[in-house]
Amino acid sequence: MRDAELKGIGMTSRRTRDRLINRLAQQGIESADVLDVMRELPRHIFVDEALAQRAYEDTALPIGHNQTLSQPYIVARMTEALLADGPLNSVLEVGTGSGYQTAVLAQLVNKVYSVERIKPLQEKARVRLRRLAIRNAHLKLSDGTMGWPVMAPFDGIMATAAPGKVPVELLEQLSEDGGRLVIPVGDHHQELLLVVRHGQAFSQEVLEPVRFVPMLSGVVR
Ligand code: SAH
């Protein structure tokens, strides 16, 4: 991708991005690290060209296959909640989708492992991450309700699709020493949960009501 394309013009320009970041700060996002990363990251390359001029609105956008790239506020909120207790070494993301959240995480933690169940989405995400020269994100096509056992334990796990209840596999793959899971849960009424593990004890906090696509099982090639 040409450099100019990454920088953006008009509705994808620096000024438009700054406006979004100011708005996120007004909505209560406090982490300067998260805001800085989102200010620099070109969200417009994670959607189809026809939607690029809407990339810096604070809305979810379609990415095909009935899936959506989350609203920037939610991306920021979840990332901030995951990192609230200090830096993390390795993080698992369930639901690579466009790769936008993966790219945000990759700039804030050492290693990101991201699983996606829809192959065409994963392939596009891989291309985008490569264009951005992001090398610490590892992608896998699989059903993320199982987590990624061989890479566990994770200091953080973030799910960007909502299961009916928290999969026990994800709890098991959290680091015993303060591992953090941020996950939307529920069918019609979903809540964003933060679960923190200490040994075999799990504390749970409800962050806010949310609306995510469902976490589904199986792989689509
Ligand atoms: N983080 C993404 C959000 C994409 S929407 C982004 O920034 O664009 C949620 C994604 O979760 C979809 O791509 C969907 O296919 C995926 N998903 C749903 N259930 C899944 C599962 N069991 N395992 C892996 N990915 C899943």
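Residues numbered from 1 in each chain as written. Predicted model: local features only at pLDDT ≥ 70, side-chain atom pairs only at ≥ 80, totals over all residues. Heavy atoms only, no water.

J.: I keep staring at unusual backbone geometry and nothing clicks. Help me out?
T.: In terms of backbone geometry, most residues other than glycine have negative phi values and most peptide bonds are trans. The residue after Ala152, namely Pro153, is reached through a cis peptide bond having omega 5°. Within the secondary structure, Pro153 is located in the loop between β5 (137–141) and β6 (156–159). The phi torsion at Asn66 lies on the positive side, around 65°, for a residue other than glycine. As for its position among the elements, Asn66 is in the loop between β1 (61–64) and β2 (67–69). By relative accessible area, Asn66 is classed as exposed at 75%. Positive phi outside glycine occurs at Ala133, with the angle close to 60°. Here Ala133 is to be found in the loop between α6 (119–131) and β5. (Helix = DSSP H or I, 4+ residues; strand = E, 2+ residues; numbered from the N terminus. Buried < 20%, exposed > 50% of the residue type's maximum accessible area, 1.4 Å probe, protein only.)

J.: Hey, could you run me through the UniProt feature "active site" (unreviewed entry) in the protein chain in this one?
T.: Under the present numbering, the feature "active site" (unreviewed entry) in UniProt falls on Ser70. Tracing the chain through its elements places Ser70 in the loop between β2 and α4 (72–83). Discounting residues that sit within four places of it in the chain, Ser70 has contacts with Arg43, Thr59, Ala60, Val75 and Phe212. (UniProt positions renumbered as here; feature names shortened; annotations may be inferred. Contact = heavy atoms within 4.5 Å.)

J.: What am I meant to see in the packing of helix α2 (residues 14–26) against helix α3 (residues 32–40) here?
T.: For any two helices packed against each other, one specifies the inter-axial angle together with the distance between the axes. Here α2 crosses α3 at 155°, and the two axes come no closer than 9 Å. Viewed along their axes, α2 and α3 adopt a mutual orientation that is roughly antiparallel. Here the hand of the crossing between α2 and α3 comes out right-handed. Contacts between α2 and α3 pair Arg14, Arg17, Asp18, Ile21, Leu24 and Ala25 from the former with Leu35, Met38, Arg39 and Glu40 from the latter. For the contact of α2 with α3, the residue count by class is five nonpolar, no polar and five charged. (Axes fitted to C-alpha atoms, helices over the stretch in contact; angles between N-to-C directions. Parallel < 35°, antiparallel > 145°, perpendicular 65-115°, else oblique. Left-handed = near helix turned anticlockwise from the far one by under 90°. Nonpolar A, V, L, I, M, F, W, Y, C, P; charged D, E, K, R; others polar.)

J.: Can you help me understand the environment of Gly95 in this one?
T.: Position of Gly95 among the secondary structure elements: in the loop between β3 (90–94) and α5 (100–106). For Gly95, a relative accessible area of 17% translates into the label buried. Separated by 50 residues in sequence, Gly95 and Thr145 place their C-alpha atoms 9.8 Å apart. Not counting the four nearest positions on each side in its chain, Gly95 is found in contact with Val115, Glu116 and Thr160.

J.: For this particular structure, what's the right way to read the pattern of salt bridges?
T.: Two side chains bearing opposite charge may form a pair once their charged atoms approach each other closely. Using the criterion set out here, one finds eight salt bridges in the structure. Two residues, Arg39 and Asp18, come together in a salt bridge whose shortest N-O distance is 3.2 Å. On the criterion of sequence distance, the pair formed by Arg39 in helix α3 and Asp18 in helix α2 is long-range, its members being 21 residues apart. If you follow the salt bridges from partner to partner, you end up with Arg14, Asp18, Arg39 and Glu40 in one network. (Salt bridge = Lys/Arg side-chain N within 4 Å of Asp/Glu carboxyl O.)

J.: Would you take a moment to explain the side chain of Thr79 for this structure?
T.: Looking at where Thr79 falls in the secondary structure, it is placed in helix α4. Discounting residues that sit within four places of it in the chain, Thr79 has contacts with Val34, Gln101, Val104, Leu105, Leu108 and Met158.

J.: Teacher, can you tell me more about the sheet that holds β5 here?
T.: Within a sheet, each strand pairs with its neighbour through backbone hydrogen bonds, oriented either parallel or antiparallel. Here seven strands make up an open sheet; going across it, the order is β5-β4-β3-β6-β7-β8-β9 and the pairing mixed. The open sheet has two edge strands with one neighbour each: β5 and β9 (201–210). Taken over all neighbouring pairs, the strand axes of this sheet differ in orientation by 15° on average, direction set aside. Here strand β4 (residues 111–116) runs beside β5; their pairing, made up of five bridges, is parallel. Bridge assignment links Glu116 to a residue of β5, and that residue is Leu141. Packed onto the sheet, α6 meets β4 and β5 and runs at close to 165° relative to β5. (Pairing = 2+ DSSP bridges.)

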